[in-house]
Amino acid sequence: MAQAIRLARRAWGQTHPNPMVGALIVENGEVVAAGWHRAAGQPHAEIEALTALGRAPATDATLYVTLEPCSTCGRTGACTQAIIDAGIRRVVVGAVDPNPAHAGRGLAMLSQAGIEVTQGVLEDACTDLNLIFNHWITAATPLLAAKLAMTLDGKFAAASGHSQWVTGQAARRDVMHWRRYFPAIAVGANTVLQDDPSLTSRMDGEVFCPQRFVFDRLLKTLHSGPLPKLYADEFKAKTVILCLETADPQRKAAALKAGVQIWELPADRGHLDWAAFRRRCAEEAICGVYIEAGPALATEVIESGKVDYLFIYQAPKFMADAAARGIGSDRRTATMADAFQLGNVHHSILAEDVLIRGKLLK
């Protein structure tokens, strides 16, 4: 199953809105065929493995697959029926299909056909492969995840605003890894003005640009002077500025002239309406957004419960400066019971830094 997980990861960030899935066939203790789902509309992992085998399986053949085989006929046909027809006699499954309408159905069909089924092998790891798909298929909304980089005392930057770099190279490489996973990345206007980011994923010499969002309700990033990278590079057509419907028409026109897109959103208590942003993303089939939040945006999205998931990179540093930029408002949390908390938590050691990630419990 661990090898099947590694196979699934070969399609990291390339299967949306489908899940990443890996599968392999074992005979007499040896892997004889393998496959993974490469992209939406392409054959599923089980079909890839059966095709790679190219013959009838041996009587002791076992199919290992990271996700319950599908039981409905979509663009590529039902994998359960293909497994039955191939003559596989044993199937080992990592995670059950998260779709409540399908969960367990494929396993039941295999069992009814006389196939021995084992489930729950490395289940947590198999489930964690598909954070975006699992949320999309159960909640019918995009997964909004915020990324924070801070010191041990919760600071994002020095009092001067200097923030490069809070974390080390290993943590920054990991951010590139997650940028490649999500179909869209977002930042606030202050981050654009202070850091002028490119918001691309740069790994192993490859540059990948997802959909890019800028939360800029008043279009202050369109000031006079050179345009930010996001509005002028070769990927500018993939940049969308999110602003209020009442934002300056001349600045809207300037954005369109520069070749970037504008999404006008209604106001919600002085901010952009995040519910409207979610709906628009769903309409555009954008199933996940990785929000690289500075202190102001992080405070807004966490305290109001506007995000579903958090990635918190923490460096072994102390600013020890009350004036340094951190997270939080004047909500006056009275007890630990009032604290925000993460669920389904995962920890990673990234050289000297630590990543804590999990679902924001609301």
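Whatever comes next refers back to the structure up there.
### Thoughts on the overall build of the protein chain
For step 1, the next point in the chain: Along its length, the protein chain carries 11 helices and 20 strands.
For step 2, the next point in the chain: Judged by the C-alpha coordinates and their principal axes, the protein chain covers about 70 × 45 × 40 Å.
For step 3, the next point in the chain: Across the protein chain, every contact between residues at least 6 apart in sequence was considered, and the portion connecting residues at least 24 apart equals 70%.
For step 4, the next point in the chain: Of the side chains in the protein chain, 37 bear a positive and 37 a negative charge, and the two mean positions are spaced by 4 Å.

### Structural notes on the packing of aromatic side chains
For step 1, the next point in the chain: Overall, the coordinates contain 15 aromatic pairs when judged by the stated rule.
For step 2, the next point in the chain: An aromatic cluster is defined as three or more aromatic residues linked by ring pairs; in this entry it consists of W12, W178, Y181, F182, Y290, Y309 and F311.
For step 3, the next point in the chain: Between the NZ or CZ atom of K238 and the centre of the ring of F208, over which it lies, the distance is 5.8 Å.

### Considering the sheet that holds strand β2 (residues 30–36)
For step 1, the next point in the chain: Within the open sheet, the five strands sit side by side as β2-β1-β3-β4-β5. Their pairing is mixed. The open sheet has two edge strands, β2 and β5 (116–119), and neither has a second partner. With direction set aside, neighbouring strand axes in the sheet form an average angle of 20°.
For step 2, the next point in the chain: The pairing of strand β4 (residues 90–95) with β5 spans four bridges and is parallel. Residue pairing in the sheet places V91 in a bridge with V117 of β5.
For step 3, the next point in the chain: With respect to the sheet, helix α2 (residues 45–53) is in contact with β1 (22–27), β2 and β3 (62–67), its orientation differing from that of β2 by roughly 135°.
For step 4, the next point in the chain: Sheet contacts for helix α4 (residues 105–112): β4 and β5; angle to β5, the most-contacted strand, approximately 150°.

### Comments concerning helix α10 (residues 274–283)
For step 1, the next point in the chain: Among the residues of α10, those classed as buried are W274, A276, F277, R278 and C281.
For step 2, the next point in the chain: Near the N-terminus of α10, the side chain that reaches the backbone nitrogen of A275, with its oxygen 2.9 Å away, is that of D273.
For step 3, the next point in the chain: Looking at the residues trailing α10, positive phi occurs at A285, about 60°.

### Things to note about the nonpolar core
For step 1, the next point in the chain: Residues V91, W178, F182, F311 and Y313 are the most contacted members of the largest nonpolar core, which totals 70 residues.
For step 2, the next point in the chain: Looking at this core, the element that brings in the most residues is helix α7 (residues 169–181), giving five residues.
For step 3, the next point in the chain: With near-sequence residues (within four places) excluded, W178 lies in contact with W12, L131, Y290, F311, Y313, L355 and R357.
For step 4, the next point in the chain: Among the nonpolar cores identified, the runner-up in size contains 32 residues, and A184, L297, V301 and L342 belong to it.

### A word on the pairing of strand β13 (residues 261–265)
For step 1, the next point in the chain: Bridge analysis of strand β12 (residues 239–244) against β13 gives five bridges, and the strand direction is parallel. Residue L244 lies in a different strand from β13, and its bridge partner there is L265.
For step 2, the next point in the chain: Taken together, β12, helix α9 (residues 249–258) and β13 constitute a β-α-β crossover, and its handedness is right-handed.

### Remarks on the pattern of salt bridges
For step 1, the next point in the chain: In the structure shown here, the tally under the stated rule is 12 salt bridges.
For step 2, the next point in the chain: Here R212 ties to D233 by a salt bridge, and the two come within 2.8 Å at their closest N and O atoms. Highlighted residues: R212 in strand β11 (residues 211–215) and D233 in the loop between β11 and β12, separated in sequence by 21 residues.
For step 3, the next point in the chain: Judged by its relative accessible area of 0%, R212 falls in the buried class.
For step 4, the next point in the chain: Take D233: its relative accessible area is 17%, and that puts it in the buried class.

### Re the side chain of S198
For step 1, the next point in the chain: When you line up the elements, S198 lands in the loop between α8 (189–195) and β9 (201–203).
For step 2, the next point in the chain: A polar side-chain atom of S198 sits 2.8 Å from a polar atom in the side chain of R202.
For step 3, the next point in the chain: Every residue in contact with S198, bar those within four places of it in the chain, is listed here: R212 and L230.

### With respect to the sheet that holds strand β17 (residues 309–314)
For step 1, the next point in the chain: If you trace the nine strands from one edge of the open sheet to the other, you get β13-β12-β11-β8-β16-β6-β17-β20-β19, paired in mixed fashion. A single partner strand is all that each edge strand has here, and the edge strands are β13 and β19 (341–350). Neighbour-to-neighbour, the strand axes of this sheet turn through a mean angle of 20°, independent of strand direction.
For step 2, the next point in the chain: With six bridges connecting them, β17 and strand β20 (residues 353–361) associate as antiparallel partners. By the bridge assignment for β20, L310 is matched with G358.
For step 3, the next point in the chain: Against the sheet, helix α6 (residues 131–139) makes contact with β6 (143–150), β16 (288–292), β17 and β20, and its axis sits at roughly 140° relative to β6, the strand it touches most.
For step 4, the next point in the chain: Lying over the sheet, α10 contacts β6, β11, β12, β13 and β16, oriented at roughly 130° with respect to β13.

So, how was this worked out
- Per chain, residues are indexed from 1 in the order of the written sequence.
- Per-residue local features of the predicted model are confined to residues with pLDDT of at least 70, and side-chain atom pairs are confined, for both listing and counting, to 80 or more; whole-chain, interface and lining totals are unaffected and use all residues.
- Values shown for side chains rest on all heavy atoms present in the structure; no hydrogens or waters enter the calculation.
- Put simply, DSSP marks the helices as runs of H or I at least four residues long and the strands as runs of E at least two long, and each gets a number from the N terminus on.
- Contacts: residue pairs with any heavy atoms within 4.5 Å of one another.
- The charge count includes Lys and Arg as positive and Asp and Glu as negative, but it does not include His or the ends of the chains.
- One atom stands in for each charge, and that atom is NZ of Lys, CZ of Arg, CG of Asp or CD of Glu.
- Any two of the Phe, Tyr and Trp rings considered here, Trp counted by its six-membered ring, make a pair once their centres fall within 6.5 Å; the pair's planes then place it as stacked at under 30 degrees, edge-to-face at over 60, or tilted in between.
- The rule for a charge over a ring is simple: NZ of Lys or CZ of Arg within 6 Å of the ring centre, and within 35 degrees of the ring normal.
- Should DSSP find at least two bridges between two strands, the strands are taken to pair.
- Lines fitted to C-alpha atoms define the axes here, with helix axes fitted over just the stretch in contact, and angles between the N-to-C directions of these axes take values from 0 to 180 degrees.
- Under the scheme applied here, a residue whose accessible area is under 20% of the maximum for its type counts as buried, over 50% as exposed, and between as partly exposed, the area being computed with a 1.4 Å probe on protein chains only.
- Each polar contact in these results corresponds to two N or O atoms within 3.5 Å; when the atoms are within protein, one needs to be able to donate a hydrogen and the other to accept it, and residues that are neighboring in sequence are counted only if both atoms are side-chain atoms.
- Nine residue types can take part in a nonpolar core, namely buried Ala, Val, Leu, Ile, Met, Phe, Trp, Tyr and Cys, and a core is a set of them joined through side-chain atoms within 4.5 Å.
- Looking down the strands as they point away from you, a crossover is right-handed if its path from the first strand over the helix to the second goes clockwise.
- In what follows, salt bridge is the name for a side-chain nitrogen of Lys or Arg lying within 4 Å of a carboxyl oxygen of Asp or Glu.

No statement about biological role is implied by the geometric values presented.
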